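# Overview (structure and organization)
The residues making up each chain are set out below.
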Amino acid sequence: MRDISYDYLEKIRDILLEEGHSIGSLRYHVATFGCQMNARDSEKLRGMLEYAGFSESPDEDCDIVIYNTCTVRENANQKVYGRLGELKGIKKKNPFMKIVLCGCMMEEKAEEERIKKSYPFVDIVFGTMNLSDFPRLLYQNLKYEEKQYEVTPIDRKNDELLLSKIKSDPILPTKRKYPFKSGVNITYGCNNFCTYCIVPFVRGPERSRRKEDILDEIRALSRDGVIEIMLLGQNVNSYNDPGDKTTFPMLLRSVEEIEGIERIRFMTSHPKDLSNELIEVMSASKKLCRHIHLPLQSGSTKVLSEMNRHYTKESYLSLVDRIKNKLPDISLTTDIMVGFPGETEEDFLETCDVVKRAGFDSAFTFIYSKRDGTPAADRRDQIDETVVHERFDRLLSLIHEKSSENSKRFVGQTLPVLVEEKNSHDQSLVTGRLSQNAIVHFKGDESLIGRIVPVTIKESHDFYFFGEPALS
Ligand code: SAH
Ligand code: SF4
Ligand code: F3S
């Protein structure tokens, strides 16, 4: 069924035409501050604005600017405020300009209040539960020239409003960044409550989409030219169809059957829920990419327990062994956090030990950031900043050393690369990705974009490579 948001988008188009603007003459810019799920929401925002008759602008010097915010770490918030300050100047020159804030940061009461008080030039604010309300809010703003604030609070008491938002999963127009690949949400929200993490409070309770809705979306994407999809969720392994109880490995089997889809990725896998069945499904599949992002967070069993992660150093390492035994060509990447409250030098050395033993191809490293409302933020044993920075630097150089060592194994191999774009530094090169997710640069032209071609890997640099097109 067509969602009501389309009606509002058409009404917006009518208002613009009535005011003498031609289709495409007004421009928008959507900036994404967060994770893949945040990026997927941005694609829906772009799709909605295109449907209403706006065209995309590469920068903020335009008519509608949307900041799709993230609040997972303090510096994500600071970036938004920094750029908001600059927008004020642009708006002075263009009185029509609308400034819109949405995403995870808006689900924090304190941030919403701060925006209301100190940033009165913001026109529209909405929360993570209100993506499909955006067309109505923009319409109301244009029609009545009033500010619009609509943030459905996530208080987990399951009140009617939150429940109805959770149940609705409308199909919204989207504009993808790449014509040949796309993210697809399979779960929303999170129930894991890692003690440092704000995501469950800003994204709400975990809910799985219906399998049939997911498959329909992927079939439509395939018809539209998509050959690679990434299934998205905070913990894809806990996917469970609300109706027929399809699990994640079962879902993967069905996705595999969809014609036209050549590569399937997923993100993120929580180590506590990664099953042997998933490893089996991957090893039997040619379409499932040889990459697992498996956030470690810490290598200390004590810290992991205080983080509420539900695995130990040993069980993590044995999971890595099981994966590598069945999938010898797998690439493993991870997230690691330094400076969780109470982390001792010994705990940190345990993390380094896992990095030495697990053979990660690359790792995202973060300094622990205190998030209001999370249990870890109340702890009194926060770690001194200088100690944290010193550990962080040691970890970075260890990861650098290990990933340089690991990536050498690809040199000399001829592997399929999905070409994504022209290289921005050297116009004679194109850039693509291995099934293992690593980036490869090689000589080629635009005609290769969107195609999977064999490339012989010549040089390795951490987790990116230079290659040469192989004759096929
Ligand atoms: N659902 C994913 C993680 C999503 S957040 C998972 O559980 O693996 C992405 C990463 O941000 C996390 O893996 C973690 O390493 C980091 N992160 C989350 N909260 C953080 C905090 N308060 N401080 C620093 N890093 C944090
Ligand atoms: Fe945050 Fe943990 Fe949920 Fe990941 S699994 S989003 S780290 S609470
Ligand atoms: Fe950030 Fe929200 Fe993603 S807090 S990491 S954008 S779920």
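Residues numbered from 1 in each chain as written. Chains lettered and ligands numbered in written order. Predicted model: local features only at pLDDT ≥ 70, side-chain atom pairs only at ≥ 80, totals over all residues. Heavy atoms only, no water.

Turning our eyes to something else, we now look at the domain arrangement of the protein. Domain annotation of the protein identifies domain 1 (5-164) and domain 2 (411-469). In this structure, domain 1 and domain 2 have C-alpha centres spaced 36 Å apart. (Domains from an automatic or database assignment.)

It is worth spelling out the site of ligand 3 at this point. The environment of ligand 3 is made up of Gly34, Cys35, Asn38, Cys70, Thr71, Val72, Cys104, Arg203 and Gln234. Grouping the constituent residues of the shell around ligand 3 by class yields four nonpolar, four polar and one charged. (Near = heavy atom within 4 Å. Nonpolar A, V, L, I, M, F, W, Y, C, P; charged D, E, K, R; others polar.)

Glancing now at the nonpolar core. Of all hydrophobic cores here, the largest spans 63 residues; its most connected members are Ile218, Ile229, Leu231, Phe248, Leu252, Phe266 and Ile323. Setting aside residues up to four positions removed in sequence, Ile323 forms contacts with Leu274, Ile279, Ile292, Leu294, Ile330 and Leu332. Judged by nonpolar contacts, the second largest core, of 26 residues, contains Phe54, Val100, Leu131 and Leu172. (Core = buried A, V, L, I, M, F, W, Y, C linked by side-chain atoms within 4.5 Å. Buried < 20%, exposed > 50% of the residue type's maximum accessible area, 1.4 Å probe, protein only. Contact = heavy atoms within 4.5 Å.)

Here Lys458 lies in strand β18 (residues 452-461). A sequence separation of 10 residues divides Lys458 from Glu468, and the C-alpha atoms of the two residues are 7.0 Å apart. Filtering out sequence-adjacent residues up to four positions away, Lys458 remains in contact with Val411, Phe466, Gly467 and Glu468. (Helix = DSSP H or I, 4+ residues; strand = E, 2+ residues; numbered from the N terminus.)

With that settled, the discussion passes to the environment of Lys147. Here Lys147 shows up in the loop between α5 (134-144) and β6 (148-150). Between the C-alpha atoms of Lys147 and Leu137, which are 10 residues apart in sequence, the distance is 8.8 Å. Residue contacts for Lys147: discarding those within four places in its chain leaves Pro120, Val122, Asp123 and Asn141. Here the side chain of Lys147 touches Pro120 through a polar contact of 2.4 Å, landing on its backbone oxygen. Among the polar contacts listed, one links the side chain of Lys147 to the backbone oxygen of Val122, at a separation of 3.3 Å. (Polar contact = N/O pair within 3.5 Å; in protein donor to acceptor, adjacent residues only side chain to side chain.)

What follows is about the packing of aromatic side chains. With the rule as written, the count across this model stands at 15 aromatic pairs. For the ring pair Tyr81 and Tyr119, a centre distance of 5.4 Å and an interplane angle of 35° mean the geometry is tilted. Here Tyr81 is found in helix α3 (residues 74-93), whereas its partner Tyr119 is found in the loop between α4 (109-118) and β5 (124-126), with 38 residues between them in sequence. Comparing Tyr81 with Tyr119, the two get one shared label, buried. Ring centres of Phe410 and Phe465 lie 5.4 Å apart, and the angle between their planes is 75°; on these two criteria the pair is classed as edge-to-face. In this pair, Phe410 sits in the loop between α14 (385-407) and β15 (414-422) while Phe465 sits in strand β19 (residues 464-469), placing the two residues 55 residues apart along the sequence. Side by side, Phe410 and Phe465 carry an identical accessibility label, which is buried. Each member of the aromatic cluster is reached from another via a ring pair, and the members are Tyr81, Tyr119 and Phe121. Cation over ring: Arg13 sits above Tyr51, and NZ or CZ is 5.1 Å from the ring centre. Between the NZ or CZ atom of Lys116 and the centre of the ring of Tyr149, over which it lies, the distance is 4.9 Å. (Phe/Tyr/Trp six-rings, centres within 6.5 Å; stacked < 30°, edge-to-face > 60°. Lys NZ or Arg CZ within 6 Å of the ring centre and 35° of its normal.)

A separate point is the site of ligand 1. Close to ligand 1 lie 15 residues, the nearest being Arg73, Gln234, Gln297, Asp335 and Ser369. At a separation of 3.0 Å, a nitrogen atom of ligand 1 approaches a polar backbone atom of Tyr196. At a separation of 2.6 Å, an oxygen atom of ligand 1 approaches a polar side-chain atom of Gln297. Across the complex, the protein chains shield 90% of the 530 Å² of accessible surface that ligand 1 would expose by itself. Contributing elements (two or more residues each) for the shell around ligand 1: β13 (331-338) and β14 (362-367). In terms of residue class, the shell around ligand 1 is built from seven nonpolar, four polar and four charged. (Areas by Shrake-Rupley, 256 points an atom, 1.4 Å probe, with all protein chains shown as cover.)

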